[in-house]
Amino acid sequence: SNKHQIACNLARSLSRGRVWLIGSAVYRPLAHGLHNLDGTGNGITKPLPDFDFIVEGFKKNPRDLESGLTYSVNTFGQHRLSSSGLSVDLVALSDISFIRKYNFRPEIGHFLAGTPLDIQSIAFDIDNNVLSSLGGFEALRKRKVGVNNQSELNYYCRIKGINPRDYVRRVAESLGFEVRI
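As the structure is a prediction and not an experimental result, all values here were calculated from the model.

## Focus on the pairing of strand β4 (residues 79–83)
Where strand β3 (residues 70–73) meets β4, four bridges bridge the pair, whose relative direction is antiparallel. In the strand pairing of β4, Val73 is matched with His79. Hairpin connection between β3 and β4: a loop of five residues separates the two successive antiparallel strands, and Gly77 in this loop has a positive phi of roughly 80 degrees. One ladder, built from five bridges, connects β4 with strand β5 (residues 86–92); its direction is antiparallel. Across the sheet, residue Arg80 finds its bridge partner in β5, namely Asp89. The antiparallel hairpin formed by β4 and β5 contains two residues in its connecting segment, where Gly85 sits at a positive phi of about 75 degrees.

## Here we look at the nonpolar core
Judged by nonpolar contacts, the single largest core of 35 residues is most densely connected at Phe53, Ile119 and Val145. Listed in part, the 12 residues of the second largest apolar core include Ile54, Ile96, Phe98 and Ala123.

## A few points about the sheet that holds β3
Taken in spatial order, the seven strands of this open sheet run β3-β4-β5-β2-β1-β6-β7, and their pairing is mixed. The sheet is open, and its two borders are formed by β3 and β7 (130–133), each paired with just one other strand. The sheet shows a mean angle of 30 degrees between the axes of neighbouring strands, direction not considered. In terms of strand pairing, strand β6 (residues 122–125) meets β7 through four bridges, oriented antiparallel.

## Focus on unusual backbone geometry
A positive phi is found at Asn103, a non-glycine position, where the angle reads about 55 degrees. The class of Asn103 is exposed, set by a relative accessible area of 71%. Within the chain, Asn129 stands out as a residue other than glycine whose phi angle is a positive 55 degrees.

## Points about the packing of helix α2 (residues 24–35) against helix α7 (residues 164–175)
Running from N to C, α2 and α7 point in directions that differ by 40 degrees, and their axes come no closer than 10 Å. Classed by the angle they form, the pair α2 and α7 counts as oblique. Of the residues in α7, those in contact with Tyr27, Arg28 and Ala31 of α2 are Val171, Ser174 and Leu175. Partitioning the contact of α2 with α7 into residue classes produces four nonpolar, one polar and one charged.

## So, helix α1 (residues 2–14)
Compared with an ideal rise of 1.5 Å per residue, which puts 13 residues at 18 Å, α1 spans 19 Å between its outermost C-alpha atoms and is within 8% of the ideal. At its buried positions, α1 is contacted by β1 (15–22), β2 (50–58), β4 and β5.

## Regarding the pairing of β5
The buried fraction of β5 is high, at seven of seven residues. Alternating residues of β5 divide into Leu86, Val88, Leu90 and Ala92 and Ser87, Asp89 and Val91, and every residue in both groups is buried. Sheet topology places β2 next to β5; six bridges connect them, and they run parallel. Within the sheet, the bridge partner assigned to Phe53 lies in β5 and is Leu90.

Here is what the cut-offs are and how they apply
- Note on numbering: residues in each chain are counted from 1, in written sequence order.
- Note on the predicted model: pLDDT of at least 70 is required for a residue's local features to be given, and 80 or more for side-chain atom pairs to be given and counted; whole-chain, interface and lining totals, by contrast, use all residues.
- Hydrogen atoms and water are omitted, and side-chain values are computed over all heavy atoms in the structure.
- For two strands to be treated as a pair, DSSP must find at least two bridges joining them.
- The helix count covers DSSP runs of H or I at least four residues long, the strand count covers runs of E at least two residues long, and both are numbered beginning at the N terminus.
- Put simply, a nonpolar core is a bunch of buried Ala, Val, Leu, Ile, Met, Phe, Trp, Tyr and Cys residues held in one set by side-chain atoms that sit within 4.5 Å of each other.
- When accessible area is computed with a 1.4 Å probe and restricted to protein chains, residues below 20% of their type maximum are described as buried, those above 50% as exposed, and intermediate ones as partly exposed.
- A fitted line through C-alpha atoms serves as each axis, taken over the contacting stretch for helices, and the angle formed by two N-to-C directions is quoted from 0 to 180°.
- Any angle that is under 35 degrees is reported as roughly parallel, and any over 145 degrees as roughly antiparallel; angles of 65 to 115 degrees are reported as roughly perpendicular and all others as oblique.
- We call two residues in contact whenever any of their non-hydrogen atoms come within 4.5 Å of each other.
- The nonpolar class holds Ala, Val, Leu, Ile, Met, Phe, Trp, Tyr, Cys and Pro. Asp, Glu, Lys and Arg form the charged class, and all remaining residues, Gly among them, are polar.
- For a helix, the expected span equals 1.5 Å multiplied by the residue count minus one.

So, in structure tokens, the structure goes:
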């Protein structure tokens with residue numbers, strides 16, 4: 001989509017090194033394509049208003065805005081750039097909570113190991129067109145959403161003010177998937 005291309009171009013323009021698209025902008029289209037979902041009642045085909053990226057580093061400070069963008073920070077204190085109908089979150093790999101908590105080397109595999117949900121354990125390298133996953137593909141294949149990293153799920157839900165079980169259920173239902181226990 002046009003918003004997807006704008007978001008990728010913005011992430012590229014501010015970053016150095018590799019850039020990965022993560023989150024629902026990756027797993028929702030994959031779920032849709034894999035299972036031929038029509039989106040009726042499950043939100044699969046609705047336009048994605050936000051795009052989350054992990055970057056190896058920044059060559060420009062995201063606060064140095066390009067024309068027409070608003071800078072803010074997201075719930076986790078990371079960079080957010082937005083304009084009408086588009087929101088782009090940018091996080092340096094070295095700032096991922098799981099990586100910092102355990103002092104891991106900032107590598108995409110460590111990010112994937114620390115995602116709250118298995119379905120979130122997928123990253124798309126936007127320059128090399130490569131998908132990486134630790135359990136995310138299996139969750140998509142089985143149409144089940146489960147916990148990937150309990151401590152990160154608890155952390156995420158505490159910050160967001162939501163119950164972890166409710167969050168897992170909500171994500172599963174939004175895809176028309178089951179909850180994996």
